[in-house]
Amino acid sequence: MDKLQELETLLAEVADLAKAEAVLGWDQQTFMPPGGAPARALQSSLLSRLLHEKFTSERVGHLIDDLSAEMADLPYADDTAALLRVLKRDYAKALRLPAAFVGELSHASGLATTAWAQARAANDWHAFEPHLARMLELKQRQAEYIGYTTRQYDALLDDYEPDMPTSQVAKIFDAVRQELVPLVQAIQAETQRVDDAVLHRTYDGAKQWALAHDALRAIGYDFERGRMDHAPHPFCISFSNHDVRVTNRVLPNLFSSCLYSALHEGGHALYEQGSPDKFERTALSGGASLGVHESQSRLWENLVGRSRAFWEFFFPKFKKTFRKNAADMDAEKMYRAVNKAQPSFIRVEADEVTYSLHIMLRFEAENLLLENKLRVSELPTWWDEAMSSYLGITPPDVARGALQDVHWSMGLYGYFPTYSLGTFFSAQLFEQARKELGDLDAQFARGDFQTLRAWLQTKIYQHGRKFTLNELALQITGEPLQTRSYLAYLKKKYSELYGL
Ligand code: ZN
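Figured I'd write up the structure that's included with this text. (Residues numbered from 1 in each chain as written. Predicted model: local features only at pLDDT ≥ 70, side-chain atom pairs only at ≥ 80, totals over all residues. Heavy atoms only, no water.)

**Some points on unusual backbone geometry**
Excluding glycine, most residues fall at negative phi; most peptide bonds, likewise, are trans.
Here is step 1 of the chain: Even without glycine at this site, Arg-281 takes up a positive phi of about 60 degrees.
Here is step 2 of the chain: Relative to the helices and strands, Arg-281 resides in the loop between α10 (255–273) and α11 (290–304).
Here is step 3 of the chain: The backbone of Asn-372 sits at a positive phi, close to 55 degrees, despite the residue not being glycine.
Here is step 4 of the chain: Assignment of secondary structure puts Asn-372 in the loop between α15 (355–370) and α16 (379–391). (Helix = DSSP H or I, 4+ residues; strand = E, 2+ residues; numbered from the N terminus.)

Structure follows, in structure tokens:
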């Protein structure tokens, strides 16, 4: 058997193990009864150990090295060249972490996640503090194992956003923050101009679910290759490009939650369903990075779903389903309601304007903590001061402050920035799509989302993991990631909404 074929066969089994583990995880978060947890933890950890062993075998390493040398002349964009490039990166990182350390990390994060849930419920920072300190110390060690040139954060960020230096993120965030803070203040002075009371009326759950299905179908999510199930937190998960699932939840007194979660997770799902067959069971299947993935979810949720044109298309469906709640509404009023912006304590509830300020705060905190410039015990006070200076509000308690996110207890440091990087990239992409695709608003208003989706298929989905965010940005728009498009979009939209 030739070497490439041998490598592909070995890695196809690694991919199958990863997908099998994903099925177990999906079941755990949707249908598994609580009693299943201990056995499931054993089953999942066995699969992840087998996967790690299979992937880090010496044979795999030799094959990657030999093939990389033999195929060094292939063009950068060639599928095999890209596969070897991605594998080399994944393999080196997997090898650098000692198995004992991986076990230690997973054990500590299990304890920390449970402690976090209890501490948040009890509004008790001190109960969580030792766990956060422990996780921080482990992540510092992880950064040392992985290696970095200038900052520890580079090593951690690279897990989620390959080849994106911390310095680029810091520069982008500083520039955006200077524009966002005054915009938030201006909006707050005019807050009564947008009325979102309609979203807080009572909405039947089954009918909300049906509307979310309609929205998913409209944007092109394929229910022959996917399904939507109930879960406490909405997410998207892929078992292959022909089985990409989303989850959602219904809040009876917040209409926007189920619909916009469907569009958000639907955006992730279109990307996964669009991953080409030729990449299945290889390291190139799926999305390029968390940031690129988030650009797809935000694009459908906000740039499409929170547009005036979308509501011209969707309002008749909304009215037919919720005749009483819609009686005093029209498309324009719904458009305004779903775009109300106001500072709030909880990141996941934040609107388009304030969202990135929540992210910047976390990015700064992570860097200060990692570099030992901020002690874990000082974090809640630091957090409250940062919230006050960015958003003009102070959390009433630590549960709505420094304790609100699960990420740090799970060991996810360097993850938060990808939410904002994706948001910025979504606007950059959308601006380009407008240039190339003619009148997108007219298309959306008549329910045509196919033109945009086909464009994304060509520009993004078909490449799988071949290129990084900056490479894709350059190919598609002629420049690396920029925030000009995002700021222009926000300012235009919200100046008009709030009469600024
Ligand atoms: Zn997302």
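**Considering the pairing of strand β3 (residues 243–248)**
Here is step 1 of the chain: The buried count for β3 comes to 5 of 6 residues, which makes it a mostly enclosed element.
Here is step 2 of the chain: Here 3 bridges tie strand β1 (residues 228–230) to β3, and the two strands are oriented parallel to one another. For His-230, the partnering residue across the bridge sits in β3 and is Asn-248.
Here is step 3 of the chain: Here strand β2 (residues 236–240) pairs with β3 via 4 bridges, running antiparallel. From the neighbouring strand, Ser-240 faces β3, where its bridge partner is Asp-243. (Buried < 20%, exposed > 50% of the residue type's maximum accessible area, 1.4 Å probe, protein only. Pairing = 2+ DSSP bridges.)

**Some details on the environment of Trp-455**
Here is step 1 of the chain: Among the structural elements, Trp-455 can be located in helix α19 (residues 450–459).
Here is step 2 of the chain: Classification of Trp-455 as buried rests on a relative accessible area of 6%.
Here is step 3 of the chain: Once the C-alpha coordinates of Trp-455 and Ala-206 are considered, the two residues, 249 residues apart in sequence, prove to be 33 Å apart.
Here is step 4 of the chain: With residues near it in sequence (within four places) discarded, Trp-455 still touches Leu-429, Gln-432, Ala-433, Glu-436, Leu-437 and Ile-476. (Contact = heavy atoms within 4.5 Å.)

**Digging into the nonpolar core**
Here is step 1 of the chain: One finds Phe-255, Trp-300, Trp-311, Phe-318, Leu-379, Leu-452 and Ile-460 to be the most contacted residues of the largest nonpolar core, which totals 132 residues.
Here is step 2 of the chain: With 10 residues, the single largest contributor to this core is helix α8 (residues 166–189).
Here is step 3 of the chain: Apart from the residues lying within four places of it in its own chain, the contact partners of Phe-318 are Tyr-203, Leu-211, Phe-255, Trp-311, Ala-326 and Met-334. (Core = buried A, V, L, I, M, F, W, Y, C linked by side-chain atoms within 4.5 Å.)

**Observations concerning the environment of Glu-70**
Here is step 1 of the chain: Residue position: Glu-70 is located in helix α3 (residues 58–70).
Here is step 2 of the chain: Polar side-chain contacts of Glu-70 include one of 3.3 Å to the side chain of Lys-3. (Polar contact = N/O pair within 3.5 Å; in protein donor to acceptor, adjacent residues only side chain to side chain.)

**Section: the coordination of the zinc ion**
Any two of four tetrahedral donors ideally make an angle of 109.5 degrees at the metal, while pairs among six octahedral donors ideally make 90 or 180 degrees.
Here is step 1 of the chain: Within the protein, the atoms that donate to the zinc ion are His-264 (NE2), His-268 (NE2) and Glu-294 (OE), at distances of 2.1 to 2.4 Å.
Here is step 2 of the chain: Read from N- to C-terminus, the donor residues coordinating the zinc ion fall into the pattern H-x3-H-x25-E. Of this pair, His-264 sits in helix α10 while Glu-294 sits in helix α11; the two residues are 30 residues apart in sequence, bridging distant segments of the chain.
Here is step 3 of the chain: With a relative accessible area of 11%, His-264 lands in the buried category. (Donors = N, O, S within 2.8 Å, 3.2 Å for Na, K, Ca; no water.)

**Here's the deal with the packing of aromatic side chains**
Here is step 1 of the chain: Following the criterion strictly, the structure yields 37 aromatic pairs and no others.
Here is step 2 of the chain: Ring centres 5.9 Å apart and planes at 80 degrees place the aromatic pair Trp-125 and Phe-128 in the edge-to-face group. You can see Trp-125 and its partner Phe-128 sitting in helix α6 (residues 125–146), 3 residues apart, about one turn around the helix. One exposure class covers both Trp-125 and Phe-128, and it is buried.
Here is step 3 of the chain: Considering the side-chain rings of Trp-300 and Phe-449, the 6.4 Å spacing of their centres and the 70 degrees angle between planes classify their relative orientation as edge-to-face. You can see Trp-300 sitting in helix α11 and its partner Phe-449 sitting in the loop between α18 (440–445) and α19, a full 149 residues away along the chain. Each member of the pair Trp-300 and Phe-449 is classed as buried.
Here is step 4 of the chain: A cation sits over an aromatic face here: Arg-298 above Tyr-355, 4.3 Å from the ring centre.
Here is step 5 of the chain: For Arg-306, the ring lying beneath its charged end belongs to Tyr-260, and the centroid distance is 3.9 Å. (Phe/Tyr/Trp six-rings, centres within 6.5 Å; stacked < 30°, edge-to-face > 60°. Lys NZ or Arg CZ within 6 Å of the ring centre and 35° of its normal.)

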